[in-house]
Amino acid sequence: MSRTIALVACVASKADTPRQARHLYTSPWFTKASAYAEKVADAWFILSAKYGLTGPSEIIAPYNETLNRMPVARRRAWAEQVLLDLREVIVEPGDRIIILAGVKYREHLVEPLAALGCRVEVPMEGLGVGKQLQWLSQRI
């Protein structure tokens, strides 16, 4: 039976002490994106620049790292690890994968997930942050 899995990008705005990943990221965008993920998906994960694929209940410490400043080789290695983790934990052919993340976070994930037989959706592709917030607000 196929499932819907949402992947939500990490953000720069974080609490200053370790906590559950779902509560570490404090931006309005993350709050809305994670609420949307919880609403529409059977399971959701955070795409953390430092920790890779992260469950919302995992306790993690704050960090200052982003894929946006990483060289392409490092982003590719990060994505390969995320894909391995996804395949181990949850993703199977036929699953619907909703990616709520910018280009650098999804660039090496979309094609491999599609090649696994997953239906990959990037519903906010091409929208600026303001429009993304509006899109999310209309759906949560």
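Residues numbered from 1 in each chain as written. Predicted model: local features only at pLDDT ≥ 70, side-chain atom pairs only at ≥ 80, totals over all residues. Heavy atoms only, no water.

Chemist: Go over the overall build of the protein, please, and point to the residues and values.
Modeler: Scanning the protein for helices and strands turns up 6 helices and 7 strands. Sequence-ordered secondary structure for the protein, helices as α and strands as β, is β-β-α-α-β-β-β-α-β-α-α-β-α. Here the C-alpha radius of gyration of the protein, 14 Å, is about what a compact globule of 140 residues would show, namely 14 Å. For the protein, contacts bridging at least 24 residues in sequence account for 65% of all contacts bridging at least 6. Within the structure as shown, the protein displays about 7200 Å² of accessible surface, and the carbon and sulfur contribution to it stands at 51%. When the 18 basic and 14 acidic side-chain charges of the protein are each reduced to a single mean position, those positions are 7 Å apart. (Helix = DSSP H or I, 4+ residues; strand = E, 2+ residues; numbered from the N terminus. Rg over C-alpha atoms; globule rule 2.2 N^0.38 Å. Contact = heavy atoms within 4.5 Å. Areas by Shrake-Rupley, 256 points an atom, 1.4 Å probe, with all protein chains shown as cover. Lys, Arg positive; Asp, Glu negative; His and termini not counted. Charge placed at Lys NZ, Arg CZ, Asp CG, Glu CD.)

Chemist: Kindly report on the nonpolar core, identifying the contributing residues and their values.
Modeler: Among the nonpolar cores identified, the biggest contains 48 residues, and Leu 7, Tyr 25, Trp 29, Leu 47, Tyr 105 and Leu 113 are the most heavily contacted of them. Listing elements by their share of this core, those giving two or more residues are β1 (4-9), α1 (21-24), α2 (28-40), β3 (43-48), α3 (72-89), β6 (96-100) and α6 (129-139). (Core = buried A, V, L, I, M, F, W, Y, C linked by side-chain atoms within 4.5 Å. Buried < 20%, exposed > 50% of the residue type's maximum accessible area, 1.4 Å probe, protein only.)

Chemist: Explain α2 to me, and be specific about the residues and the numbers.
Modeler: In this model, α2 (13 residues) spans 18 Å end to end at C-alpha, consistent with the 18 Å of a helix rising 1.5 Å per residue. Along α2, the residues classified as buried are Trp 29, Phe 30, Ala 33, Ser 34, Tyr 36 and Ala 37. Looking straight down α2, one finds its buried side chains confined to an arc of 160°; they lie on one side. Away from the buried face of α2 by more than 90 degrees, exposed residues Pro 28 and Lys 39 are located. On its buried side, α2 packs onto β1, α1, β3, β6 and α6. (Expected span 1.5 Å × (residues − 1). Arc of directions from axis to C-beta.)

Chemist: Help me get a handle on the environment of Ile 97, residues and values and all.
Modeler: Of note, Ile 97 is situated in strand β6. Each C-alpha atom of the pair Ile 97 and Ile 59 lies 24 Å from the other, and the pair is 38 residues apart in sequence. In this view, Ile 97 contacts Ile 5, Leu 7, Val 91, Leu 113, Cys 118, Arg 119, Val 120 and Glu 121; residues no more than four positions away in its chain are not counted.

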